[in-house]
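Residue-level listing of the chains:
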Amino acid sequence: MKIIVLEHPRIPSKKRFNDIANTPLWSCLMGGYAAAFLEEKKFNTLFWDHAQPNASFDYTMDKILTINPDLLCVNTVYFWEHTSKLFEFFSTLKNQGFSGHINLFGFFPSLVYRKILHQCNQVDSIAVGEFEHTLGELAQALEKEQSHKKSLALEKIEGLATSSCLSDNKNRMRQPEKTPDIFAFPKRNSRKGTAAVLTSRGCYNHCSFCPVPSFYNRGKLWKGRSPENIADEIQQLVNQGVKDFYFVDPNFIGPGKSGKKRIMDLMDLLKPMEIKFGMETRPQDLDDTILEKLVNSGFKSLLMGVESGSTAVLNQINKSSKTITASQAISLCRKYGVEPEIGFLMFVPDSSLENLLENMDFLIKNNLLDRLDRTANLLSHTQIVLAGTSGYDRFEKENRLEKMGIFEFEAEVTFKDPRVKWVADLITFACHTLLKDMSDSHSPIFWQNENEQISQRANTFLVDLAFNLLSQAKDHQRHQDHTQTDPQKKEILEQIFAILT
């Protein structure tokens, strides 16, 4: 029996070019974990990572038809407006004579599996939730089908959804593995550059915008690998020449005292390896003791999920955090020589103008609007609402969703205050204009060779623009007509052109 585990090609989004929230970061390892698990179970497994800049669906299709596997397992990632191309690919594959079983796994198909199975008969099954055990049992069942030449009831496999499951309302999600150490280390097609490593599964929080809790049993759930197991994986990669790592956990440190002790123990194992690493975590997980330990073991970069400078907004998105804690964590990182990058939602659908002013005050007080690339990112992010999240469910009940995208996986949300939407549209437009220019090698603000003076002028322009728009919106007792932004956008373009020339 032949199996291909596929990381499918991606097509960059023009609209969402600056958004990375289409899938949690650890999706990048899902294909490798699936292939490693199947290989460990003695199945003839190929792992193809076609999520590369120059990969194409035509090339992938030709290769699949040449191999003609019995089972094609696809780590299915939502890639915004181009996602329909993937399902057209499945349909063409079947029309070209592919007779193997097509299975989807990952965050996106798990969260809308009923809609996919209802609308796409070219998809044979979906592994819902944590996928390794489900894929192993699917492969075993298909192998038995081949040898006995009769169909088996695949829907009896825990975590596997097929079209026959559409007649009931049973939740097909598989219970997550209690001991993640049992999983084989993920297969990797490349040893170059920074290696991604996952040290835990799930999350101990339930933020309203995040799909992780929904993927792991629809709630708070966190399971950490042991320090010894993590160190073994990293040592194997170090032996192959890798020295730079990034931990892709939503919260690297983990919950409470036990989470911190686990990381302290891990640092003792990593320090002799002389690696460098980055991570993501929450502000309340950091203190003097753990930061000193991290830095002494190679810690060099951090993305910290702050999300808002407004206590009211943090409560709205169920962040379970405080702005003062975030400020203290930022100062603490700088004390140890680490400049944190910040996860931030400048605009959320329930924001008030006062909340936006609180955001600006927080960012300025914490010296986070000091360079163009960071300022343009922090001021442009609007909450993205994806199916399966608690935010999507709440906004749907409030009749505020404009569902869009294939299988209605994403949605625009009606803002409570149209003036906030007006401000968001204009600031985001200015930020995106400058971010696109920063990727143009002929621009004076090109990120690899920027003119510092021009870049600083552009940075000042963005900050001033934000305050000016907020002032204009606040001065209007009646709501701004946020559908009429063309004159302001034209003026913004003219101002940016004057700065860059």
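First things first, this report covers the structure right here in the doc. Everything numeric in this text was worked out from a predicted model, so none of it was measured. (Residues numbered from 1 in each chain as written. Predicted model: local features only at pLDDT ≥ 70, side-chain atom pairs only at ≥ 80, totals over all residues. Heavy atoms only, no water.)

Re unusual backbone geometry
Comment: phi is negative for the bulk of residues other than glycine, and the bulk of peptide bonds are trans. Despite not being glycine, tryptophan 80 shows a phi value in the positive range, around 55°. Considering the arrangement of structural elements, one finds tryptophan 80 in the loop between β3 (71-75) and α3 (84-95). A positive phi is found at glutamate 274, a non-glycine position, where the angle reads about 55°. Topologically, glutamate 274 is positioned in the loop between α9 (256-270) and β11 (276-281). Judged by relative accessible area, which is 63%, glutamate 274 ranks as exposed. (Helix = DSSP H or I, 4+ residues; strand = E, 2+ residues; numbered from the N terminus. Buried < 20%, exposed > 50% of the residue type's maximum accessible area, 1.4 Å probe, protein only.)

With respect to the sheet that holds strand β4 (residues 101-105)
Judged by pairing direction, the sheet is mixed, and its six strands sit side by side in the order β2-β1-β3-β4-β5-β6 without closing on themselves. Strands at the two margins of the open sheet, each flanked by one partner only, are β2 (44-49) and β6 (160-161). Alignment of β4 against strand β5 (residues 125-127), held across two bridges, turns out to be parallel. Residue pairing in the sheet places leucine 104 in a bridge with isoleucine 126 of β5. Packed on one face of the sheet, helix α6 (residues 132-148) meets β1 (2-7), β3, β4, β5 and β6 and runs near 170° to β4. (Pairing = 2+ DSSP bridges. Contact = heavy atoms within 4.5 Å. Axes fitted to C-alpha atoms, helices over the stretch in contact; angles between N-to-C directions.)

What to know about the packing of helix α16 (residues 418-438) against helix α18 (residues 486-500)
Axis separation between α16 and α18 bottoms out at 10 Å; the angle between their running directions is 30°. Between α16 and α18, the crossing angle belongs to the class labelled roughly parallel. Of the two possible hands of crossing, α16 and α18 adopt the one that is right-handed. Mapping the contact onto sequence places Trp422, Asp425, Leu426, Phe429, Ala430, Thr433, Leu434 and Asp437 in α16 and Gln488, Lys489, Ile492, Leu493, Ile496 and Leu500 in α18. Class assignment for the residues of the contact of α16 with α18 results in nine nonpolar, two polar and three charged. (Parallel < 35°, antiparallel > 145°, perpendicular 65-115°, else oblique. Left-handed = near helix turned anticlockwise from the far one by under 90°. Nonpolar A, V, L, I, M, F, W, Y, C, P; charged D, E, K, R; others polar.)

Here we look at the pairing of β3
For β3, the buried fraction is high: five of the five residues fall into the buried class. Neither face of β3 is exposed, since Leu71, Cys73 and Asn75 on one face and Leu72 and Val74 on the opposite face are all buried. Judged from the five bridges that link them, β1 and β3 form a sheet pairing that is parallel. Residue pairing across strands places isoleucine 4 opposite leucine 72, the latter belonging to β3. The pairing of β3 with β4 spans five bridges and is classified as parallel. Residue pairing across strands places leucine 71 opposite histidine 101, the latter belonging to β4. Tracing the backbone out of β3, into α3 and back to the parallel element β4 gives a crossover that is right-handed. (Right-handed = clockwise from strand over helix to strand, strands pointing away.)

A short note on the sheet that holds strand β14 (residues 385-386)
On the basis of which strands lie adjacent, the open sheet formed by three strands has the order β14-β16-β15 and antiparallel pairing. Each of the sheet's edge strands pairs with one partner strand only, and the pair in question is β14 and β15 (401-404). Here helix α15 (residues 390-397) sits on the sheet and contacts β14, β15 and β16 (410-413); the angle it forms with β15, its principal contact strand, is near 125°.

Quick look at the packing of aromatic side chains
What the rule picks out here adds up to 23 aromatic pairs. The interplanar angle of 75° and the centroid separation of 5.0 Å between the aromatic rings of phenylalanine 87 and phenylalanine 407 together place this pair among those described as edge-to-face. Here phenylalanine 87, found in helix α3, pairs with phenylalanine 407, found in the loop between β15 and β16; they are 320 residues apart in sequence, far enough to count as distant. Here the two residues phenylalanine 87 and phenylalanine 407 agree in accessibility, since each one is buried. Both rings, one in phenylalanine 344 and one in phenylalanine 362, keep their centres 6.3 Å apart while their planes meet at 10°; by these two values the pair is stacked. Of this pair, phenylalanine 344 sits in strand β13 (residues 341-344) while phenylalanine 362 sits in helix α13 (residues 353-365), and the two are 18 residues apart along the sequence. Grouped by ring-pair contacts, the aromatic residues Phe57, Tyr78, Phe79, Trp80, Phe87, Phe89, Phe90, Phe108, Phe407 and Phe409 constitute a single cluster. Directly above the ring of tryptophan 80 sits arginine 16, whose terminal nitrogen or CZ lies 4.8 Å from the centroid. Positioned over the ring face of tryptophan 48 is lysine 63, at 4.5 Å from the centre of the ring. (Phe/Tyr/Trp six-rings, centres within 6.5 Å; stacked < 30°, edge-to-face > 60°. Lys NZ or Arg CZ within 6 Å of the ring centre and 35° of its normal.)

Thoughts on the pattern of salt bridges
In this structure the tally under the stated criterion is 33 salt bridges. A salt bridge links lysine 261 to aspartate 265, with the shortest nitrogen-to-oxygen separation between them at 2.8 Å. Here lysine 261 and its partner aspartate 265 are both found in helix α9, four residues apart, which amounts to about one turn of the helix. Across the pair glutamate 398 and arginine 400 runs a salt bridge, and its minimum N-O distance is 2.9 Å. Residue classification places arginine 400 among the buried positions, given a relative accessible area of 10%. (Salt bridge = Lys/Arg side-chain N within 4 Å of Asp/Glu carboxyl O.)

What to know about the pairing of strand β10 (residues 244-247)
Alternating positions in β10 separate cleanly, Phe245 and Phe247 being buried on one face and Asp244 and Tyr246 remaining unburied on the opposite face. Across three bridges, strand β7 (residues 195-197) lies against β10 in parallel orientation. Directly across from valine 197, in β10, lies its bridge partner phenylalanine 247. Pairing of β10 with β11 involves three bridges; the strand directions are parallel. Residue pairing across strands places aspartate 244 opposite lysine 276, the latter belonging to β11. As a crossover connection, the stretch from β10 through α9 into β11 is right-handed.

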